[in-house]
Amino acid sequence: MAKPQQKDARRNVRTALACASLVAGMVGLAYASVPLYKLFCQVTGLGGTPGIEAAAPEQATDIDFTVRFDANINPTLPWTFKPVQRAVNLKLGEEGLAFYTATNNSDHPITGTATFNVTPLKIGQYFVKIDCFCFTEQTLQPGETVDMPVTFYVDPEIRQDRSTEEVTTITLSYTFYPKKSETDGQVSALKQKSTPVDIGG
Amino acid sequence: MANAADAHAHDDHGDHYPGFFSRWFCSTNHKDIGTVYMFVSMFAALVGGGMSWFMRLELAEPGLQYLTGGAPDMQFYNVLLTAHGFLMVFFVVMPALIGGFGNWFVPLMIGAPDMAFPRMNNISLWLLIAGLALLLISAFVGSGVGTGWTVYPPLSSSIYHPGAAVDFGILSLHLAGASSILGAINFIVTIFNMRAPGMTLHKMPLFVWSILVTAFLLLLALPVLAGALTMLLTDRNFGTAFFDPAAGGDPVLWQHLFWFFGHPEVYIIILPAFGLISQIVSTFSKKPVFGYLGMAYAMVAIGVVGFVVWAHHMYTVGLDVDTRAYFTAATLVIAVPTGVKIFSWLATMWGGSIEFKTPMLYAFGFIFLFVMGGVTGVTLANSSADLVFHDTYFVVAHFHYVMAIAAIFAMFAGWYYWIGKMSGKQYNETLGKIQFWMFFVGVNILFFPQHFAGLAGMPRRIPDYPDAYAGWNYVSSVGALITAVGTMLFFWILYRTYAAGTKAEQNPWGEGATTLEWHVPSPAPFHTFEDQPDMSGKQPAE
């Protein structure tokens, strides 16, 4: 009897280990889902995640469109942060430029980063950023005020999609939050050159 | 575990029972562990049920009557409904159907001497009890856990729930989850490796099939919950920002992770009930189950499809129309294997010599309630309709019918069906039938009017409501009272059965009861099937 029992026990342990590795795999998958979810949002524009391109299309359309600007701040970041202009009017496919202004109200340099999205959430894939202060970290000296640019365009394809064709206004929203470990970064966005087009309104 | 040596010793003595402490606190015997699971479940049911009756009492009339301890305490109501959900899902239904009946009858039905890992079985039990203790403690820490069982951030974040209560709740779920994962591994190993010779997978009783599928769902779903809960824990305490949008996180990610676990979880609850009802319908119709293989694979299909429908709980978070169309379609697909099951139960009864004993009444009740909840489920699966119904009492009525009360009916059915085998004493049939009718009438008066309140727009999770909803809420609370009396009657029957029940026969149900547990004496001896029965050449057990 001893031998077959030992064989059974080994088989049981093997099955149990297979189950345990399944459990470990699912825990790993749960954590892997965090970057995967981010990636998925970037690829599909899910949840109002804008796309990123190097330049606007050559040919702008003559369809009018409005982009509005919104600014939020993490309560733990002692900055003032607001858009310079409430909204810009531009044509679909045309490159737009807007500025946000931020002031460090504290007595020490602080580095922050901004997250962003657009509403309505469904048009994420048609709102494209060319350059943005939110791509990098921003460091503000005590009392320093900076204007931070964002260049973008709205993909004319938005009119071809039945689920988004009625949208004429997009709101671009930022939330600034402090970087966990303070570093002496540069306000890189300010040093980048951008080629603004004429912004109506 | 201090008595592991002791436990080992009594393995060698046929039917010699260990002392009280060793037997019930250090048990490695699947039947004793099953019994303790049942009693833990009953205790938690009284606590969780008591909370729901208090909520119905408060909701019986508009205005605040009982929550007023000086100032109205709305958070206390949130704590009650949260604890009610946690208790019922993790500490009542799962311990009873999986831990209780699963432990008792899976080894018996497949002709195995015990579970594959008896000591791990004991750890599962005590992790669950520790989890229950943590959950009860969380209600007395700070302002308690008032997040709802879904624990959505930011409500569950440290901004809105400072203090340690939510952390206690998270650790409680971690322990309950670990308990279930260990239990699931035990079931899978037992069912795969320890079946009697000749009992192929396609001859296993459907209850064993249901536990097998459930165990796989547990293995795949619970680690995701554990991962998400750990992220929430570190968000709250260690400065991560998985779910904080003001620091680069996304609260909707929590909802995706939670419902990736949460939707399979409702099948984890209801699949063992399916298996149990199949055994009972077959027994009391005195016919084998109609479409045995279809029944088994319908459960597999429900389990598989259950993993790709989670976002139907999230239609209002801003998913685009194509995503919602997919989740609507995928959700509706679940109605197909579910329909196979309902059809096969009815076809099993068709032309059978049906005996209306209490377990069969409860099986009928289960099918009725499940179909009722299934119909509203198909309604809610449509995202366009759900945008209107979301977070109303219509949803409350739906999931209480389809999952909560249906599962409770299956638990009652199983208890009446197997109590003779478990205790050796038979319950009083007349009292059992009275208890069924009280409970059946009670829960329908309790939950059916909630459809009307929900369609009229009454929101979930509120202790007070406009006067317009007063009428149906009063009716609903009367139903809760009837249900409460029915529950008390059950505990009286339980007491009478142990105190003065007639001696149960080996097989009290006659020719319809063909599974292996009816081939051992009642009560089932401490050790059974040490020599495995030869099942080769036999028909499928059900």
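Rules behind the numbers
Throughout, a residue's number is its position along its own chain's written sequence, starting from 1. To label them, take the chains in the order written and letter them from A, then take the ligands in the order written and number them from 1. Restriction of local features to residues with pLDDT of at least 70 applies here, the model being predicted, together with a cutoff of 80 or more for giving and counting side-chain atom pairs; totals for whole chains, interfaces and linings are based on all residues. With hydrogens and water excluded, all non-hydrogen atoms of the structure serve as input to the side-chain values. In this description, a nonpolar core means a group of buried Ala, Val, Leu, Ile, Met, Phe, Trp, Tyr and Cys residues linked to one another through side-chain atoms lying within 4.5 Å. Residue burial is assigned from relative accessible area. The probe radius is 1.4 Å, only protein chains are included, and a residue is buried under 20% of its type maximum, exposed over 50%, and partly exposed in between. Whether two residues touch is decided by their heavy atoms; if any such pair falls within 4.5 Å, the residues are in contact. Like-charged residues within 9 Å of one another, or nonpolar side chains (Val, Leu, Ile, Met, Phe, Trp, Tyr) within 5 Å, are grouped into patches, provided each residue has over 30% relative accessible area and no salt bridge. For every accessible area listed, the method is Shrake-Rupley and the probe measures 1.4 Å; residues are considered covered only by the protein chains on display. In what follows, salt bridge is the name for a side-chain nitrogen of Lys or Arg lying within 4 Å of a carboxyl oxygen of Asp or Glu. Comment: elements are numbered from the N terminus, with helices defined as DSSP H or I runs of at least four residues and strands as E runs of at least two. The score called pLDDT rates the predictor's confidence residue by residue, from a low of 0 to a high of 100. Buried area: the sum, over both parts, of the accessible surface (1.4 Å probe) that disappears when the two are put together. As used in this structure description, the phrase polar contact means that two N or O atoms lie within 3.5 Å; if the pair is within protein, one of them must be able to donate a hydrogen and the other to accept it, and residues adjacent in sequence are counted only when both atoms belong to side chains. When DSSP finds two or more bridges between two strands, those strands count as paired. What counts as an axis is a line fitted to C-alpha atoms, over the stretch in contact for a helix, and the angles between N-to-C directions run from 0 to 180 degrees. Here, a disulfide means two cysteine sulfur atoms that sit within 2.5 Å of each other.

A. Representation of the nonpolar core in the model. Phe90(B), Phe101(B), Phe366(B), Phe409(B), Trp415(B) and Trp418(B) are the most contacted members of the largest nonpolar core, which totals 185 residues. Once residues within four sequence positions are removed from consideration, Phe366(B) is found in contact with Ile270(B), Ala273(B), Phe274(B), Ile277(B), Trp345(B), Ala406(B), Phe409(B) and Ala410(B). Core analysis: the second largest hydrophobic core is formed by 33 residues, Cys134(A), Val150(A), Val154(A) and Leu172(A) among them.

B. Region of the structure containing a nonpolar patch on the surface. Judged by side-chain polarity, Leu36(A), Leu39(A) and Val43(A) come together as a nonpolar surface patch covering roughly 310 Å² of accessible area. Structurally, the position occupied by Leu39(A) is in helix H1 (residues 2-44).

C. Fine view of the confidence of the model for chain B. Residue and element names in this part refer to chain B. Residues of chain B with pLDDT of at least 70 account for 95%, and the chain-wide mean is 92. Helix H1 (residues 4-11) is the least confidently modelled element of chain B, averaging 44 in pLDDT, while helix H15 (residues 429-455) averages 97, the highest of any element. In this model, residues 1-13 is a region of pLDDT below 50 whose contacts with residues beyond four sequence positions or in other chains number 15 contacts. This complex was scored by the predictor with a pTM of 0.89 and an ipTM of 0.85.

D. Geometry of the interface of chain A and chain B. Between chain A and chain B, the residue contacts involve 27 residues of the former and 34 residues of the latter. Here chain A packs against chain B, burying approximately 2400 Å² in sum over the two surfaces, 72% of which is carbon and sulfur. By the criterion of area lost to chain B, the three top residues of chain A are Met26(A), Tyr31(A) and Tyr37(A), representing 23% of everything that side buries. For the pair chain A and chain B, the number of links is 0 salt bridges. Linking chain A with chain B are 5 residue pairs in polar contact (both at pLDDT 80 or more). When contributions to the side of chain A that touches chain B are tallied by element, the ones reaching two or more residues are H1 and strand S10 (169-178) of chain A. If you tally residues by element for the side of chain A that touches chain B, the top one is H1(A), at 17 residues.

E. Quick look at the sheet that holds strand S2 (residues 64-73) of chain A. Residue and element names in this part refer to chain A. With mixed pairing, 5 strands are arranged side by side in an open sheet as S4-S2-S10-S6-S8. Pairing within the sheet leaves two strands with one partner each, and these edge strands are strand S4 (87-91) and strand S8 (138-140). The sheet shows a mean angle of 30° between the axes of neighbouring strands, taken without regard to direction. The pairing of strand S6 (residues 110-119) with S10 spans 8 bridges and is antiparallel. Paired with Val118 across the bridge in S10 is Leu172.

F. A look at the state of the cysteines. All names here are of chain A. If you walk through the whole model with that rule in mind, you get 1 disulfide over all chains. Covalent S-S linkage joins Cys132 and Cys134, the inter-sulfur distance amounting to 2.2 Å. Residues Cys132 and Cys134 are joined by a disulfide whose S-S torsion is about 130°; by sign, that bridge is right-handed. Classification of Cys134 as buried rests on a relative accessible area of 6%. Distance from the sulfur of Cys41, which forms no disulfide, to the nearest cysteine sulfur (Cys134) is 15 Å.

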